[in-house]
Structures are given as C-alpha cells and as structure tokens.
Amino acid sequence: MRHLKSAFGVRWKMMFGRVLCLFNRHRPQRDKVAWDGFNYNSECVDCGKRIYRRQGGGWRAMRAPALDEKGAEAQ
C-alpha cells in the first residue's frame, strides 16, 4: 500500500508541476543551480526549460534573446 501511495504522489507532483509551468511558475533542479554573477540559473524539473530566480523569489523561464535579420543578437 505504501508503494501505491508514493507512486500517486510522484504522479501528482509531475501533473501539478506541468500546470504551473504553463503559468511560468517553474521548479529548479536543485543540483544544477548556478550563479552567473547576476541571477541564479537552472533547468526546470518538469519542462526542462532554462529558468532564473527572480530577486523577490520564484523561478521564471528565461526569454530568448532578440535576433536581427542576420541571426545575430540585437543590441
């Protein structure tokens, strides 16, 4: 019975985590958190996107850099 209870809990966390990702609320992979001198960065446990920790707390997906017509980052 204990095994079924823990398996249900894992599925619930995965399903709930995916819903949170849709609303840009992510959970970091704790062992992959790194400081880049400005923010903490990691990957989301549920969706795998690159995320950063906001100053007030909470993890959000990183925005892709804007590209110009040549494919280089816009300045």
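Given the structure is predicted, the values throughout are model-derived calculations rather than measurements. (Residues numbered from 1 in each chain as written. Predicted model: local features only at pLDDT ≥ 70, side-chain atom pairs only at ≥ 80, totals over all residues. Heavy atoms only, no water.)

1. A few points about the pattern of salt bridges
Throughout the structure, instances matching the rule amount to one salt bridge. Residue Asp 46 is joined to Arg 27 by a salt bridge in which the shortest nitrogen-to-oxygen separation is 3.1 Å. Here Arg 27 lies in the loop between α1 (2–22) and β1 (34–35) and Asp 46 lies in the loop between β2 (40–43) and β3 (50–53), a separation of 19 residues in the sequence. A relative accessible area of 12% places Asp 46 in the buried class. (Salt bridge = Lys/Arg side-chain N within 4 Å of Asp/Glu carboxyl O. Helix = DSSP H or I, 4+ residues; strand = E, 2+ residues; numbered from the N terminus. Buried < 20%, exposed > 50% of the residue type's maximum accessible area, 1.4 Å probe, protein only.)

2. Quick word on the pairing of β3
Pairing of β2 with β3, which is carried by three bridges, proceeds in the antiparallel orientation. Note on β3: the bridge partner recorded for Asn 41 is Tyr 52. Counting the residues in the hairpin turn of β2 and β3 gives six residues, including Gly 48, whose phi is positive at 85°. Pairing of β3 with strand β4 (residues 59–61) involves three bridges; the strand directions are antiparallel. When the sheet's bridge partners are listed, Arg 53 is paired in β4 with Trp 59. Connecting β3 to the next strand, β4, in antiparallel fashion are five residues, including Gly 57 with a positive phi near 105°. (Pairing = 2+ DSSP bridges.)

3. What to know about a nonpolar patch on the surface
Taken together, Val 19, Leu 22 and Phe 23 make up a surface patch of nonpolar side chains, about 360 Å² in accessible area. Counting through the fold element by element, Leu 22 comes out in helix α1. (Patch = residues over 30% accessible without salt bridge, like charges linked within 9 Å, V, L, I, M, F, W, Y side chains within 5 Å. Areas by Shrake-Rupley, 256 points an atom, 1.4 Å probe, with all protein chains shown as cover.)

4. Some remarks on the confidence of the model for the protein chain
Parts of the prediction with low pLDDT should not have their coordinates interpreted in detail. On average, the protein chain scores 80 in pLDDT, and the residues at 70 or more come to 65%. No element of the protein chain has a lower mean pLDDT than α1, which averages 66, and none a higher one than β1, which averages 96. (pLDDT = per-residue confidence, 0-100.)

5. Some remarks on the side chain of Asn 41
Within the secondary structure layout, Asn 41 lies in strand β2. Asn 41 gets classed as buried once you look at its relative accessible area, which sits at 7%. At 2.9 Å, the side chain of Asn 41 forms a polar contact with the side chain of Asp 36. Other than its neighbours up to four places away in sequence, Asn 41 contacts Lys 32, Val 33, Ala 34, Asp 36, Arg 50, Ile 51, Tyr 52, Trp 59 and Met 62. (Polar contact = N/O pair within 3.5 Å; in protein donor to acceptor, adjacent residues only side chain to side chain. Contact = heavy atoms within 4.5 Å.)

6. Focus: the state of the cysteines
Summed over all chains, the structure comprises zero disulfides. Of all cysteine sulfurs in the structure, the one in Cys 21 sits closest to Cys 44, which takes part in no disulfide; the separation is 3.5 Å. Given the relative accessible area of 1%, Cys 44 is considered buried. You can see Cys 47 has no disulfide; the closest cysteine sulfur is in Cys 44, sitting 3.6 Å from it. (Disulfide = S-S within 2.5 Å.)

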